[in-house]
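Below, each chain spelled out in residue letters.
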Amino acid sequence: DTWLDFSGNIFYIHRSLSWLILGLSIVMWRMSKNAHAYVRHIKAFISLVLFLFVIGIGFSYAGFPAWLQPLHLLSSLVLITVTFDLLHKVYINWKR
């Protein structure tokens, strides 16, 4: 038994929400094609989301190696930082 066996529905909620985040990031990317001011941030956001997906797949197929968890958590923290930076820039631009 692994810790995943004891996680219950939390793993499935986490996995489902990650698909939602991927979908929203693709929508955001498609909407931003005309807004050149934020393209760099959106590309970073999508790159991080895809990187986290690869890590998540690595968890599933590589038997949850211990070294992937800190990488996953650190990448998630960077994703949150990029997200709030993007939101802040959009808000500041909207206020003008």
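Reading guide: rules and limits
Residues numbered from 1 in each chain as written. Predicted model: local features only at pLDDT ≥ 70, side-chain atom pairs only at ≥ 80, totals over all residues. Heavy atoms only, no water. Helix = DSSP H or I, 4+ residues; strand = E, 2+ residues; numbered from the N terminus. Contact = heavy atoms within 4.5 Å. Areas by Shrake-Rupley, 256 points an atom, 1.4 Å probe, with all protein chains shown as cover. Expected span 1.5 Å × (residues − 1). Buried < 20%, exposed > 50% of the residue type's maximum accessible area, 1.4 Å probe, protein only. Phe/Tyr/Trp six-rings, centres within 6.5 Å; stacked < 30°, edge-to-face > 60°.

Asker: Explanation requested: the overall build of the protein in the structure shown.
Answerer: Secondary structure assignment for the protein yields three helices and zero strands. For the protein, long-range pairs separated by at least 24 residues make up 60% of all intrachain contacts whose partners lie at least 6 apart in sequence. With the model as given, the accessible surface of the protein reaches about 7400 Å², and the carbon-plus-sulfur share is 70%.

Asker: Even after reading the chapter, I still don't get helix α2 (residues 39–61), so can you show me in this structure?
Answerer: One turn of an α-helix holds 3.6 residues; hence residues three or four places apart share an orientation. Over its 23 residues, α2 extends 33 Å from the first C-alpha to the last, a length consistent with the 33 Å expected when each residue adds 1.5 Å. Within the span of α2, buried status applies to H41, I42, F45, I46, L48, V49, L52, F53, I55, G58 and F59. Remark: G63 follows α2 within two positions and exhibits a positive phi of approximately 75°.

Asker: Would you mind showing me how to read the packing of aromatic side chains here?
Answerer: Both the distance between ring centres and the angle between the ring planes are used here to describe each pair of aromatic rings. Summed over all chains, the structure comprises one aromatic pair. Relative to F53, the ring of W19 has its centre 5.0 Å away and its plane inclined at 75°; by these criteria the two rings are edge-to-face. Pair noted here: W19 is in helix α1 (residues 10–31) and F53 is in helix α2, with a separation of 34 residues, a long-range link. The exposed category is assigned to W19, whose relative accessible area is 55%.

Asker: Before we go on, may I ask you to explain the side chain of H41 in this structure?
Answerer: In this structure, H41 sits in helix α2. Among residues more than four places away in sequence, those in contact with H41 are V82, D85, L86 and K89.

Asker: Looking at this model, I keep getting lost on the environment of I42. Mind explaining?
Answerer: Here I42 lies in helix α2. Its relative accessible area of 4% is what places I42 among the buried residues. Through-space distance from the C-alpha of I42 to that of R30 is 9.9 Å; in sequence the pair is twelve residues apart.

Asker: Before we go on, may I ask you to explain the side chain of H72 in this structure?
Answerer: Within the secondary structure, H72 is located in helix α3 (residues 68–95). Every residue in contact with H72, bar those within four places of it in the chain, is listed here: H14, L52, I55 and F59.

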